[in-house]
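Residues per chain are reported as follows:
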Amino acid sequence: MSSYVERISVQYHNFSEGADPLIDSWPLMQTPTPILSITGLYLLFVLWFGPRWMEHRKPFELKHTLIVYNAAQVVVSTAFCLTPFFTGLFAQYKSMSCGEPMTGASKELQLTVWNGAWMYLMLKIVELFDTVFFVLRKKQNQVSFLHVYHHTIMVLFTWFYLKYIPGTQAAFIGVLNSFVHIFMYTYYLLAALGPQTEPQKRLWDRKYLFWKRHLTTLQLLQFGIMLCYFVLINSMQCQVPRALTYFFVSNITIFLFLFINFYRKAYRKRPVGAKVD
């Protein structure tokens, strides 16, 4: 019995400490309490409190807020794809991911990866406002299981990844996701810039938002690439933590199923105004 308790305490000690003391010293990273509180408040607002608070109120327009927000998301997502950090990362990707000895330069690059992952976490937290804006505009039909699950799991996983398994393997996933978000938030930006009343809105949608279906296709392609990527790095015998592989593969499979289901429903009758996440 004592050995069992000792084993449990050691596991809890390792779980509470994280992968590196430096990462633990960063904001939100010491314990899971702050990130669980943020996601908990998010879920409470978008699923319960927000809809009830807005029930007898007029929807907020938020036109200018959405324009600034979506434009900023496009700029930040582009920066994540084009910054020299990612160029340097991929230049040394094999040595950092597949078991070759790390040089001083690659160790310095590893620290850059950690900093990039922390900034990516902050971006995922900011993206929770996507759903908040839906609620404030009384677009509760947009608050689907797919949308809420996607935003929640991205925040929690990014934190867990940075805290416990901050290797380089998931950096490609972050870059790919940011690339897709350039197009996604460009779509949202164009939608926010358009008129809000019919029939001008229909004309705007036909002129500038006709490619919504292709955006969903791009999302599906993204998940297919992610699955191929993990098959590839595992076949190369890279040092990929099993927890990372299992989590990614299972969640990518869930996302694929949810997005395929969304695609079939959204474009069977081609409804106007449905957003993609």
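Residues numbered from 1 in each chain as written. Predicted model: local features only at pLDDT ≥ 70, side-chain atom pairs only at ≥ 80, totals over all residues. Heavy atoms only, no water.

In the nomenclature of an unreviewed UniProt entry, the chain corresponds to Elongation of very long chain fatty acids protein from the organism Anopheles culicifacies. A UniProt comment under Catalytic activity (unreviewed entry) is attached to the chain, and it reads "a very-long-chain acyl-CoA + malonyl-CoA + H(+) = a very-long-chain 3-oxoacyl-CoA + CO2 + CoA". (UniProt positions renumbered as here; feature names shortened; annotations may be inferred.)

Now for the side chain of Asn70. Along the polypeptide, Asn70 turns up in helix 4 (residues 63-82). Not counting the four nearest positions on each side in its chain, Asn70 is found in contact with Tyr185, Tyr188, Leu189 and Ala192. (Helix = DSSP H or I, 4+ residues; strand = E, 2+ residues; numbered from the N terminus. Contact = heavy atoms within 4.5 Å.)

Time to look at the packing of helix 10 (residues 171-193) against helix 12 (residues 212-235). In the contact formed by helix 10 and helix 12, the axes pass within 10 Å of each other and the chain directions differ by 180 degrees. By the angle class used here, helix 10 and helix 12 are roughly antiparallel. Facing helix 10, whose interface residues are Phe172, Ile173, Leu176, Asn177, Val180, Phe183, Met184 and Tyr187, helix 12 presents Lys212, Leu215, Leu218, Gln219, Gln222, Ile225, Met226, Tyr229 and Phe230. Its residues placed into classes, the contact of helix 10 with helix 12 shows 13 nonpolar, 3 polar and 1 charged. (Axes fitted to C-alpha atoms, helices over the stretch in contact; angles between N-to-C directions. Parallel < 35°, antiparallel > 145°, perpendicular 65-115°, else oblique. Nonpolar A, V, L, I, M, F, W, Y, C, P; charged D, E, K, R; others polar.)

Those residues carrying the UniProt feature "transmembrane region" (unreviewed entry) are residues 35-54, 66-86, 117-136, 148-165, 171-193, 214-232 and 244-263 in this numbering. Span residues 117-136 is 90% helix and 0% strand, its end C-alpha atoms 30 Å apart. End C-alpha to end C-alpha, residues 214-232 measures 26 Å, and it is 100% helix and 0% strand.

This part is about the environment of Phe179. Within the fold, Phe179 resides in helix 10. Judged by its relative accessible area of 39%, Phe179 falls in the partly exposed class. Along the chain, Phe179 and Val74 lie 105 residues apart, while their C-alpha atoms are 9.4 Å from each other. (Buried < 20%, exposed > 50% of the residue type's maximum accessible area, 1.4 Å probe, protein only.)

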